[in-house]
Amino acid sequence: MDAVFRPVFSLLGAHHRRLDEVFVRVQKSAADREFPIARETFRRFSLELRVHIDIEEHDLFPLFEKATGMMQGPTTVMRMEHQQIHGLLDEISALLGRGDDISLAARRLLTVLTAHNQKEENILYPMSDQRIARPELEALEKTIQAKLNAAMK
Ligand SMILES: [Fe+2]
Ligand SMILES: [Fe+2]
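Residues numbered from 1 in each chain as written. Chains lettered and ligands numbered in written order. Predicted model: local features only at pLDDT ≥ 70, side-chain atom pairs only at ≥ 80, totals over all residues.

**Examining the overall build of the protein chain**
- Helices and strands together make up the secondary structure of the protein chain, namely five helices and zero strands.
- Reading the secondary structure of the protein chain in the N-to-C direction produces α-α-α-α-α.
- Scaling as 2.2 N^0.38, a compact globule of 153 residues should have a C-alpha radius of gyration of about 15 Å, and the protein chain matches this with 16 Å.
- Dimensions of the protein chain, computed from the C-alpha atoms along their principal axes, are close to 50 × 30 × 20 Å. (Helix = DSSP H or I, 4+ residues; strand = E, 2+ residues; numbered from the N terminus. Rg over C-alpha atoms; globule rule 2.2 N^0.38 Å.)

**A look at unusual backbone geometry**
- Within the chain, Arg33 stands out as a residue other than glycine whose phi angle is a positive 60°.
- Residue position: Arg33 is located in the loop between helix H1 (7–31) and helix H2 (35–68).
- Overall, Arg33 belongs to the exposed group, with 9 C-beta atoms counted inside 10 Å. (Buried ≥ 20, exposed ≤ 12 C-beta atoms within 10 Å, placed from the backbone.)

**With respect to helix H4 (residues 103–131)**
- Compared with an ideal rise of 1.5 Å per residue, which puts 29 residues at 42 Å, H4 spans 40 Å between its outermost C-alpha atoms and is within 8% of the ideal.
- Along its length, H4 shows its largest kink, about 40°, at Glu120.
- Every buried residue of H4 is accounted for by Ala106, Leu109, Asn117, Glu120, Leu124, Tyr125, Ser128 and Asp129.
- Buried residues belonging to H4 abut H1, H2, helix H3 (74–98) and helix H5 (134–152). (Expected span 1.5 Å × (residues − 1). Bend = angle between axes of the 7 residues up to and from the residue. Contact = placed C-beta atoms within 7 Å.)

**Looking at the nonpolar core**
- Within the largest apolar cluster, 13 residues are counted, with the highest numbers of intra-cluster contacts made by Leu60, Phe64 and Leu140.
- Leave out the neighbours within four places in its chain, and Leu140 touches Pro7, Asp59, Leu60, Leu63 and Ile132. (Core = buried A, V, L, I, M, F, W, Y, C linked by C-beta atoms within 7 Å.)

**Thoughts on the environment of Ile132**
- Along the chain, the position of Ile132 falls in the loop between H4 and H5.
- A tally of 21 C-beta atoms within 10 Å means that Ile132 is categorised as buried.
- Spatially, the C-alpha atom of Ile132 lies 6.6 Å from that of Phe64, the residues being 68 residues apart in sequence.

**A look at the environment of Phe5**
- Structurally, the position occupied by Phe5 is in the segment before H1.
- Expressed as a C-alpha distance, the spacing of Phe5 and Gln130, which sit 125 residues apart in the sequence, is 9.0 Å.

**With respect to the environment of His16**
- By the element assignment, His16 lies in helix H1.
- Using a count of 18 C-beta atoms within 10 Å as the deciding quantity, one classes His16 as partly exposed.
- Along the primary structure His16 and Thr114 are separated by 98 residues, whereas in three dimensions their C-alpha atoms are 9.2 Å apart.

**Brief notes about H1**
- For H1, spanning 25 residues, the distance from its first C-alpha to its last is 36 Å, which sits close to the expected 36 Å at 1.5 Å a residue.
- For H1, the full list of buried residues reads Val8, Leu12, His15, Phe23, Val26 and Ala30.
- Looking at the buried positions of H1, the neighbouring elements they touch are H2, H3, H4 and H5.
- Immediately beyond the C-terminal end of H1, within one or two residues, lies Arg33, with a positive phi of roughly 60°.

So this is what it looks like as structure tokens:
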């Protein structure tokens, strides 16, 4: 009866899409050497992506681990990839700060991020929506919404 209630997939999946769009704007303005715009757009991208990761690690993953009993599975891999993503964000931030070319680092970030997001959308998010108990899932939906809304202001 609850087949269509899939807040994790809907909210975090849609946020992946939004982040992709914002990053395209970062790449465009950096390629045009419009560095003030590139820096400001990247600042927003970076903040939102870090909030997204924080939601996953602190709100979603513990519930996933509890519901599935998988403590050393997908969440371990995702946490490791998040570390890689944080490192690449720092790298791009430094490049933009110096007015340097970001295209190589941007491509590396997109490679990591695309594969990472696909794994979440194909495995972790659907499993979360299926396995986390309804009351917890409803509370999680509200938490995700509140944190994403605050970050997107
Ligand atoms: Fe993630
Ligand atoms: Fe994600």
